[in-house]
Amino acid sequence: MKLSTKLINTRYSDAKQVTTANVNNLQVKWALQLGTNRSQESTPILVGDTMYVTSSFGPKNVFAVNAKTGEVKWRHSPEMPKNVDQFACCDVNSRGVAHANGKIFFGRLDAKLTALDAKSGKELWTSTVVDYTQGTVITSPPTIAKNLVITGFGGGEYGVVGALVAYDQNTGKEVWRTNTVPQAGEKNSDTWKGDSGKHGGGAAWFIGSYDPKLNLVYYGTSNPAPWSAAVRGNDSSEVGKFSNLYTASLVALNPDTGNIQWHYQFTPHDAWDYDGVNELVFADLPVEGKTTPVIMQANRNGFFYVIDRANGKLVSAKPFVDGVNWATGVDLKTGSPIEAPGNVKRPGLKRKASNVCPNLLGGKNWMPMSYNKQTGLVYIPTLNLCMDMEGLQEDYKRGQFYLSVNFDLGKMGPGGHGGGLKAWDPVKQKEVWFQKNSLPFNGGTMTTASGLVFAGDIQGMFRAFDGKTGKVLWQFNTGSGITAAPMTYVIDGKQYVAVVSGRTQSIPAFLGEIGEKMVNASPEGGTLFVFALN
């Protein structure tokens, strides 16, 4: 199947058998137990009539399943080191696989990349991307570009040096490796104070995008390390030259060479842990009367960005959640945030910033948004949390958290809700509708040509919404919280909708009483549900 570059990461489907009129007739057709409980974050993919999905813990299991019946065709269960959990800062999740040329590719918690034969499940090769014991796990599927498979890894909280690494799809041989924190002698290494870049973070731990027409691969990068900015620069809104490239940024690379062609930094000299990793969604939008290929991102820092994907020029940036107060806006000329004056919302060394909104989980976390070209709207799983934070002195220790801050994340934002599903107009940069949830950390979204939006929540409810109005049209209780994004597919003229259920475990631990409510909202689980019309 030929995939238009316009559809990259949109999570939009042309399927329209299930409509706003009949979606209330959806019923479970089959279910698959994934073999683990806790933190299920995989979105299945379909190749022919076979669905591929992963479980948490490593992944413990990679499944190939008959997408019509749920019959397991094969299961691959890689052996994980027993100590790997301690190096996964934010849970033992796996977000799925990638497919190309008859091969299934997936990253592992032990920082390896594996290729399987898609038909048999036979292991073809496994390559070590980096030593996981420094705090570098892989939780997200790689990106396919030409004959390459490209991956990043986690570790921003452990003071690693982020990188993107490309492998030959057939052999697993490394082709290139590009640091996302420049090291001594590399271009832009002087954006770090002293030698602080050697533990600088900037990990590209989520998913990338590839535009074959422009021949560019795009990734977002994580926070700099440590979170306390005093180590890395001026510890002030007066950033000067210490912007700490390429952290909290969008980087565009030439896949043939690995060279960074351009970058856009969302949060220079980040002191809030505002990762820039969120998915990079392609669209063609009107810009000054001309249809322009753009990237859209709902950033953790609370601003929705529209960026020209050919050259990295900022088109627009507006707050997509209420209460953003660390910055009053984004300067369209410089692309830099306009921070609250007097460093009042910038935590620093022995300088406490109180009631900073959003908190470090962001106005949106990793859970994917979707874009519907029919409605022209983006559907965003948002968060509504604030925080207190203060920098302190701390030494780097390999394989341990390198944060250098005290923080309190358990604060609800304006209105007292935890977040919700928001429909956003990316051209007008304004909210169209909003479905609130009492608790944070709800699921990613998917949208269809029939005007539906599907999303789950922390309580375990999987819902279909009217994409134009936000009205709830159907719901099903999966029994465990949902953070994974759903998907839909058509086989033999019948449309199916699939979602993975299994509540997060690690994130609530950071949120005090709010976290206790998240844990109590539903038990842990691990099930793939597939629905179709009765």
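What you see is a predicted model, and the numbers here were worked out from it, not measured in a lab.

Below, the discussion takes up the overall build of the protein chain. Along its length, the protein chain carries one helix and 38 strands. Over its C-alpha atoms the protein chain spans a radius of gyration of 21 Å, differing by no more than 12% from the 24 Å that the globule rule assigns to 534 residues. The C-alpha extent of the protein chain, read off along each of the three principal axes, is 60 × 50 × 50 Å. A total of 534 residues make up the protein chain; the buried ones form 65% of that total. Counting 52 positive and 44 negative side-chain charges, the protein chain places the centres of these two groups 5 Å from one another.

What follows is about the side chain of Asn 22. Within the fold, Asn 22 resides in the loop between strand E1 (12–13) and strand E2 (26–33). Beyond its immediate sequence surroundings of up to four residues, Asn 22 is in contact with Gln 17 and Leu 533.

Time to look at the sheet that holds strand E38 (residues 527–533). Strand order in this open sheet of four strands is E2-E38-E37-E36, and the pairing throughout is antiparallel. Lying at the two open borders of the sheet, with one neighbouring strand each, are E2 and strand E36 (487–491). Across this sheet, the average inter-strand angle for adjacent strands is 25°, counted without regard to direction. As paired elements, E2 and E38 share seven bridges and run antiparallel to each other. Following the sheet pairing, Ala 31 is matched in E38 by Phe 529.

Taken as a whole, this structure holds two disulfides when the rule is applied. In this model, Cys 89 is linked to Cys 90 through a disulfide, with the two sulfur atoms separated by 2.0 Å. Of note, the bridge from Cys 89 to Cys 90 carries an S-S torsion of about -70° and is left-handed in sense. With a relative accessible area of 19%, Cys 89 lands in the buried category.

Definitions and cut-offs
Residues numbered from 1 in each chain as written. Predicted model: local features only at pLDDT ≥ 70, side-chain atom pairs only at ≥ 80, totals over all residues. Heavy atoms only, no water. Helix = DSSP H or I, 4+ residues; strand = E, 2+ residues; numbered from the N terminus. Rg over C-alpha atoms; globule rule 2.2 N^0.38 Å. Buried < 20%, exposed > 50% of the residue type's maximum accessible area, 1.4 Å probe, protein only. Lys, Arg positive; Asp, Glu negative; His and termini not counted. Charge placed at Lys NZ, Arg CZ, Asp CG, Glu CD. Contact = heavy atoms within 4.5 Å. Pairing = 2+ DSSP bridges. Axes fitted to C-alpha atoms, helices over the stretch in contact; angles between N-to-C directions. Disulfide = S-S within 2.5 Å.

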